[in-house]
Structures are given as structure tokens and as C-alpha cells.
Amino acid sequence: MFNTSPGVDPTMFARITRLIVSNASIDEILRAILEESVRACGAVRGFLAIVDHDRGELDVRYTAGEGWSEEKRLGRLKVSEESGRGITSHVAATSKSYNSADVDQDPYYIRSFDDVRSELAVPLVDTNQRTRGVLNLESTQRAWFTDEHERLAAALADLGVTAMVLADHRAREAALVQIGKELNAFTDAGAILQKVLDVAAEALKFEDCSLFMIDKASGRLVLRASRGPLKKQIGHASYEVGVGLTGWTAQRKHAIRVTDPSADPRWRGLYEELPSADVGAFMAVPIIGRSGVIGVLRVQRKKSPYKWFPNDFTEDDERILTTIAGQLAVALDNVRLVDQLVKTERLAAWGEMSARSAHMIGNRVFAIKGDVNEMEHLLESGTVESTEARKLVESIKNGIFLLEEILNEFREFVMATQLDLVEADINQLVREAIEEGFPKRSATVLNLNLAPNLPKIKGDPKKLKRCFTELMENAVHFQPEGGEINVSTFLADARCKKWLKPGRQSGKYVAVRFEDKGPGIEIENKPKIFNPFFTSRAKGMGLGLSIVKGVVDAHDGAIYESGTPGKGAKFTVLLPAAGGRQRASSKPKE
Amino acid sequence: MCSILVIDDEEAVRNAVKRRLERDGYEVDVAATQAEGLQAIEEHKPPYDVVVTDMVMESPTSGLEVLQAALTRDIFTELIVLTAYGNVANAVECMKRGAFDYVEKNIPGVDVFELLSIKVSQALERRKSSLSTLRRIEQYALRR
């Protein structure tokens, strides 16, 4: 073979760019680039080493040409890195191409294949001026690689690095979207924190990641989530604001990026993911919520065993960590608001409930005392007529019954969330509820439309039946002249499922609907109907619908009203299917 | 015979109070709402001697409105306010504006029906003496 100017196949670059824009995997693209380089430069073989920034190592990931074995691939750089020599390591360290015309005379060269006489190595350098890899080509002839070859290889290496940067951006975008989604689905702060770290570690390769949140009581930054060995100290490890790099970040509300953290004057090394001597790079960003700094998100990277190896964090890394911290702050603010809202609502409900129950119980007891007073009077007068006495006893009994009814409602309200879960057939429950609750001689027409083959649900049959009875009683109550009630069951579609909490919408849900032709619910009352004591029915304390909502919520379901005012009410209960999977059943149940 | 009006939105309460006061020999009417009560006060002839009303009905100050109506009809009508145990602020306000007294519905260990019976007879005493004072003043004025 003659060492002439390479006959560049004009379609070569087109083929590679097509691969890049067509969303091919980064492996596929880099392998193609290596193979095209070997062919275009007339090399006998070649390899592409990729820098693993997290481990601080070069990794021969792709090989092409003759004579490669798995052993040769893995052993290729080990020798060179340990000895501090090797053309590939040299190129990675300097970010400059290296053309060795005669490897036997080359101080950097370490022999791995007997037939090699000359070698060309070009770096893959990204926009942050960081070496991402080295493209290495070998020839069996001395001085084989020309300047033209070098330019060609450099152009191909540039394409490779473009593909890598693009892949990074795609991965980061996907990770941010995923974090956004995860954050929306959680209403529990603890779960949010760990989830964010998991995504950051898996998608962004921030393996040694920790989250410190400012503790309201002590004012200190306390470790709340971690991926590394610090995990054991969650809830214990803490920094004073201002102390250490972590404390500095919180105090100054400023991101920090340090290459050799233990040499930094602010460094304390109190709680580290890695032993102090091993920490090669450190990055921390403040988490800024509505009320100022609420925590610090930080990442550490192991020091590379090789001095030449740059494994600091880049501006891109800082940007992405800052974005994550921003999303996290919003999510945590939301959780806090929801918590406060729920707490205030519940407190208000409890306050109102005790006032109301005191009033109602007070009146009942007052009336009972009146009966007892009358009874005493009769006894004292010595002329007790048994019919009169019986009437008083009946009245006392009735008073006590009313008291027990109030207590019962109270108990149902409190116990709504304590479920006894079993697998149940929703149609069966609806039928039983109608059997027990629908008035036998009613002017109201009842239409049943129960879908066959619905998946089983996991639920508390007693409590659910009680809910269905309550919804039916309401429907009957508001149509005193007769009217019509439609009760139906069906598999919930996307339109129904938008009433579920964001994180729950993907599962399979069974729906039960109660429709009536009564006056319906006024638009302005719709948000209030599930509140305790919001009632237009004088029965008990007006906890009915709020109990139903409590039970349905405890089932991880949802209840909503979507009727038209003036035309009737339409209540729909959604309950999650057991196991989330529909059972195939060939025989219809209806 | 003395006439008494009992206003309370709880049927059981109305009936128990009516029964107890009838035992003392009064003529007792009942009203189930504030509105019904106001109407009865306006229309009953002669005016009621005593009105017994629940403090909290349609509004937390229903008792005050009943008081105003009763005094407008007859300045010497006596008013007794029934109130929830431990919730006397509004009832005291009624007394400042001329009500005779208040009775808490649920005082532990106390037979409030006997208490109410005593209060009603005391209220009637005051009404009687007010009316006789008025009569004497009228006679004195006529003589001159």
C-alpha cells in the first residue's frame, strides 16, 4: 500500500452526520466514526478511548481493524496510564494531536501490537475545552500518517465530540423533564429529595450527590438525602450556615465550583461523600425558595489517579445543577403550601365540628333532662299513669338515639381513613348498597347500568357501601316529587382520570356514577360540597359528603361532581383497580 | 292566666320547656324560628308576659332581635335567654339591654327545668310590680 493522499469518500461525512441527526445511539455513531477513520486513513487498526469523568479514567470503548481481543482492549491503556507514558494519555492530557512516524524511536510509545510502526492520535475536545476522548490510528508502515490524514482524523473526531455533546444535552433534557414530572407527582417532601438525587445520579452521572436542608428549629443545614456513604448520617450530619464550602454556598446564595476542595480555605471536610484526600472536584448550589435559601445541593467527584486528568465540573454542570435546585425549591414550596392548607382546613373543620357537636349534644341532653324532670314530677305526685310514663321513656330513648347518631357520624368522620382492604367487585357493592339504601316504595325511578367484566378493586366494602348509600340518599332526597336516578359503573377514561392526583393518573380505575334529575349544585357551591358541615339536608351534623370524600381519598381514589345546575347532580367516584391490571374474563356478569 | 312564648329551633327543647311551664299553670305558645317568634310577639293579644328564647338560631344574635321585638311591643315583657353552657357573652349582652336573665341549657348536675321555672316566676313578679308601679303613677297623675 502506498502512502498517498487519502482518497476521501465524499459520502463519508454525509453518512455520519445523517447518523447524528437521526437520533442513532452514541455507541453507533462513535463506532461508525472510528471505522470510517481507520478506512479513510488506511490504518491497520484503531481505537477510540473515552474519558470517564466520574471515575477519572480513559476507557478503550471502541476498536476497529485487525487483531483485537477483549484482553487487548482492556489492557491497552492500563499500562500506559500506570507508567505515565503512552501516546493516548499524552494526547488526552495535552488536548493536542500527536503523529508518531516511528514508534520504535518514540519516548511515549508503549508497544501493544508487534506490527505497529507508526501511530496517529487526535483528541476529541468539547466546547468547554475538555478532552472527551482520543481517536487512535495505527499503521504497519513507518511515517504512514500525513498532515492530510491528521486533518481528516481531527474532522472526524470533531464530529464525534459533537455527537457526544448532543447526547449529553439530550440526556440532561430528559433528566430535567423527568425530575419535573417526579416533583409534580410527590406531595411528600422526603420522597422528593431522594428522588431528585436518584435522577441526578442516574441521568447526569452526579454519583456522589447530597442534599442539605436548613432546619427551621436549629437554623443549621441538615443532611436530608444522600447517595453515597453519607446516607447513614441522614438527619444527623449538619453544617452551620457559613461554615465549610456547603455553609458558604447557603450564606452567600451563590453556586460554588472548586477543583481541589481540600486546598480551599473555606474547606472543613466535616461530612464528605468521599475521603477528603480523594475529593477531586466539588460543586454546590443553593436551593432558593420563596422565603430565601432553604438548602444546598452538592456534588463531589473523585480525584483521578492521574495528574494530567481534568475532572473538574464545568459551567454546563453548574447550570444543570442550578436548574434542578430551582425545580426542587418550587416543588418544596408547593408541598409546604399544601401541607399548611390541609392543616388549616383540618383544624378549622375540627374546630367547627366540636362547636357544632357541643351545640347539638347540648340541646339533646337538655331535652332528655326535661323528660327526666317530668318523670320525677309524676313520681312525686304519686299518680303515675303508665301510658304517660311510657311516652316519656320513648322520648328519652329517642333523645339518646339522636345522641348516638351524632356520635356515629363523628366516628365515621374520624375513621374514614382507616380501611379494611379486601378485593371486591364494585358492581356487587353497588347492588348491595341499593338493596340496603334505596327506599322500597319510592316514586323515584332507578336505572342501573353496570358494566360487565370490570376489574376487581381493592377496598373496604363496608365503608364503600356506606358511601354509595349516602350518594343515593342524597339523590332521592333532592327529588321529592319522584324523578330519576341513574347509577352506572364503567372503566374510567382519561377525562375522568384528570380528577385524580397528578401522580396517580396512569393506573386503571373503576368508576361509579350517581346521576339525578334534581336541582343540581350551583356553580358557586361546587367547591364547597365536600367540606364538613356544608349541607342543605338537615340530617346529623352535615358530615355526609365529607365522610364520603374521606373514604374515597383513603382508597387513593377521587370523587367529583360534574352535573349541570338546574338539571341534576352527577357524582362520580373513581377507585383504583386491584393490582392495576384487568382480569380477562370471558363470561359477562350481568 | 299568664302567657309565655317559647322560641327554639329544636322541637324537643320547645316541647320540654312548654310541658314544664304548663305544669306551673301558664299558658304556653311555641315558635320554631326567630321569624315565627317575632310574628307571634307582634300579634298575640294581650302581649306575652314572658318570652323564653334560644340565643342562637338563624344567627348568633337571634336572642337580641327577639328582645328588641318584645320590648317594642310591650316595654314590660320579660325576656329569658336560653344559652349553650359556657357561652354566655351574648346572653349577658341581652341582660344589659333589658332582658330579665339567662339560663344555661347544660349545667352539669343542675336541674335547669326547675331553675327555669323559678326564673319565670321571678320574671312574672317583676313584671307584676312594674305594672303596678305604672298603674299607681297613672292614678297619681289622674288625681292631680
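From a predicted model like this one, the values you see are computed outputs, not experimental measurements.

## Regarding the overall build of chain B
When helices and strands are tallied, chain B shows five helices and five strands. The order of α-helices and β-strands along chain B, N terminus first, is β-α-β-α-β-α-β-α-β-α. A total of 144 residues make up chain B; the buried ones form 38% of that total. Taking all contacts inside chain B whose residues are at least 6 apart in sequence as the whole, residues at least 24 apart take part in 60%.

## Regarding the overall build of chain A
A tally of helices and strands in chain A yields 13 helices and 18 strands. Buried positions account for 37% of the 590 residues belonging to chain A. In chain A, once contacts between residues fewer than 6 apart in sequence are set aside, the share between residues at least 24 apart is 66%.

## Regarding the interface of chain A and chain B
Size of an interface: often given as the accessible area lost when the parts come together. Contact with chain A, which involves 14 residues of that partner, is made by 16 residues of chain B. It is helix α8 (residues 315-381) of chain A that contributes the most residues to the side of chain A that touches chain B, 13 residues altogether.

## Observations concerning the packing of helix α10 (residues 426-437) of chain A against helix α11 (residues 461-477) of chain A
Residue and element names in this part refer to chain A. At a minimum axis distance of 9 Å, the contact between α10 and α11 shows a crossing angle of 55°. Considering their axes alone, α10 and α11 lie oblique with respect to each other. Considering the relative orientation of α10 and α11, their crossing is right-handed. In this structure, α10 uses Leu429, Val430, Glu432, Ala433, Ile434, Glu436 and Gly437 to contact α11, whose residues at the interface are Pro461, Leu464, Lys465, Phe468, Thr469, Met472 and Glu473. Among the residues making up the contact of α10 with α11, the classes are represented as eight nonpolar, two polar and four charged.

## Let's talk about helix α2 (residues 34-43) of chain B
Residues and elements named next belong to chain B. Those residues of α2 lying buried are Gln34, Gly37, Leu38 and Ile41. Taken down its axis, α2 places every buried residue within 100° of arc, on the same side. Next to the buried residues of α2 lie β1 (3-7), β2 (27-31), β3 (50-54) and α3 (62-73).

## Structural notes on α11(A)
All names here are of chain A. Compared with an ideal rise of 1.5 Å per residue, which puts 17 residues at 24 Å, α11 spans 24 Å between its outermost C-alpha atoms and is within 8% of the ideal. Burial within α11 is extensive, with twelve of its 17 residues counted as buried. Those residues of α11 that sit buried are Lys463, Leu464, Lys465, Arg466, Cys467, Phe468, Glu470, Leu471, Met472, Asn474, Ala475 and Val476. Buried residues along α11 sit against α10, β14 (457-459), β15 (484-491), β16 (509-516), α13 (544-554) and β18 (570-576).

## Re the pairing of strand β10 (residues 279-289) of chain A
Residues and elements named next belong to chain A. Along β10, nine of the eleven residues are buried, which leaves the element largely enclosed by surrounding structure. As paired strands, strand β9 (residues 256-258) and β10 are joined by three bridges and run antiparallel to one another. In the sheet register, isoleucine 256 faces β10, and the bridge partner there is alanine 284. Of the strand pairs in this sheet, β10 and strand β11 (residues 292-302) are connected by ten bridges, and their pairing is antiparallel. Bridge pairing links phenylalanine 282 to glutamine 300 in β11. Joining the antiparallel neighbours β10 and β11 is a turn of two residues.

## Let's talk about the sheet that holds strand β17 (residues 558-561) of chain A
Residue and element names in this part refer to chain A. If you walk across this open sheet you meet the five strands as β13-β15-β16-β18-β17, and the pairing is mixed. Strands with a single pairing partner mark the edges of an open sheet, and in this sheet they are β13 (445-450) and β17. Geometrically, the sheet is characterised by an average inter-axis angle of 10° between neighbouring strands, direction not taken into account. Here β17 pairs with β18 via four bridges, running antiparallel. Its bridge partner being in β18, isoleucine 559 is matched across the sheet by valine 573. Against the sheet, α11 engages β15, β16 and β18, with an angle of about 20° to β16.

## So, the environment of Leu21(B)
Residues and elements named next belong to chain B. Looking at where leucine 21 falls in the secondary structure, it is placed in helix α1 (residues 11-23). Each C-alpha atom, one on leucine 21 and one on serine 117, is 6.5 Å from the other, the two residues being 96 residues apart in sequence. Ignoring anything within four residues of it in the chain, the contact list for leucine 21 reads Ile4, Tyr26, Val28, Ser117 and Val120.

## Regarding the environment of Asn334(A)
All names here are of chain A. Mapped onto the fold, asparagine 334 is located in helix α8. Classification of asparagine 334 as partly exposed rests on a count of 16 C-beta atoms within 10 Å. In sequence terms asparagine 334 and leucine 183 are 151 residues apart; their C-alpha atoms lie 9.8 Å from each other.

## Description of the pairing of strand β5 (residues 131-139) of chain A
Residues and elements named next belong to chain A. With nine of nine residues buried, β5 is to be regarded as a mostly interior element. Pairing geometry for strand β1 (residues 45-52) and β5, over six bridges, is antiparallel. The residue of β5 that forms the bridge with phenylalanine 47 is asparagine 136. Joining the antiparallel neighbours strand β4 (residues 118-125) and β5 is a turn of five residues, in which glutamine 129 adopts a positive phi near 60°.

## What to know about the sheet that holds strand β7 (residues 221-226) of chain A
Residue and element names in this part refer to chain A. The sheet built from six strands is open, its strands ordered β8-β7-β6-β11-β10-β9 with antiparallel pairing. Single-partner strands in this sheet number two, and they are β8 (238-239) and β9. When β7 meets β8, the two strands line up antiparallel, connected through two bridges. If you follow leucine 221 over to β8, its bridge partner there is tyrosine 239. Helix α7 (residues 244-252) rests against β6 (208-214), β7, β8, β9, β10 and β11 of the sheet, and its axis sits at about 30° to β10.

## Focus: the nonpolar core
Judged by nonpolar contacts, the single largest core of 45 residues is most densely connected at Val196(A), Met283(A), Ala284(A), Leu297(A), Leu321(A), Ile324(A) and Leu328(A). Once residues within four sequence positions are removed from consideration, Leu321(A) is found in contact with Met283(A), Val285(A), Leu297(A) and Val299(A).

## What about the confidence of the model for chain A?
Regions with low pLDDT carry predicted coordinates that are not meant to be interpreted in detail. Residues and elements named next belong to chain A. Per-chain confidence: chain A averages 82 in pLDDT, with 89% of residues scoring 70 or above. Looking over chain A, one finds the lowest element-wise mean pLDDT in helix α3 (residues 70-83), namely 66, and the highest in β4, namely 94. Counting contacts from residues 581-590, a segment whose pLDDT is below 50, to residues more than four positions away or on other chains yields 13 contacts.

## Observations regarding the packing of α2(B) against α3(B)
Residues and elements named next belong to chain B. It is at 9 Å that the axes of α2 and α3 come closest, and there the two elements cross at 10°. Judged by the inter-axis angle, α2 sits roughly parallel to α3. Residues Gln34, Gly37, Leu38, Ile41 and Glu42 of α2 form the contact with α3, whose own contacting residues are Ser62, Glu65, Val66, Ala69, Ala70 and Arg73. For the contact of α2 with α3, a count of residues per class yields five nonpolar, three polar and three charged.

## So, unusual backbone geometry
Glycine aside, negative phi is the norm for most residues, and most peptide bonds take the trans geometry. Backbone torsion omega between Lys45(B) and Pro46(B) reads -10°, so that peptide bond is classified as cis. By secondary structure assignment, the location of Pro46(B) is in the loop between α2 and β3. Positive phi is not limited to glycine here, since Ser95(A) has a value of about 60°. The topology assignment puts Ser95(A) in the loop between α4 (87-94) and β3 (98-100).

Quick notes on the rules
- Residues numbered from 1 in each chain as written.
- Chains lettered and ligands numbered in written order.
- Predicted model: local features only at pLDDT ≥ 70, side-chain atom pairs only at ≥ 80, totals over all residues.
- Helix = DSSP H or I, 4+ residues; strand = E, 2+ residues; numbered from the N terminus.
- Buried ≥ 20, exposed ≤ 12 C-beta atoms within 10 Å, placed from the backbone.
- Contact = placed C-beta atoms within 7 Å.
- Axes fitted to C-alpha atoms, helices over the stretch in contact; angles between N-to-C directions.
- Parallel < 35°, antiparallel > 145°, perpendicular 65-115°, else oblique.
- Left-handed = near helix turned anticlockwise from the far one by under 90°.
- Nonpolar A, V, L, I, M, F, W, Y, C, P; charged D, E, K, R; others polar.
- Arc of directions from axis to C-beta.
- Expected span 1.5 Å × (residues − 1).
- Pairing = 2+ DSSP bridges.
- Core = buried A, V, L, I, M, F, W, Y, C linked by C-beta atoms within 7 Å.
- pLDDT = per-residue confidence, 0-100.

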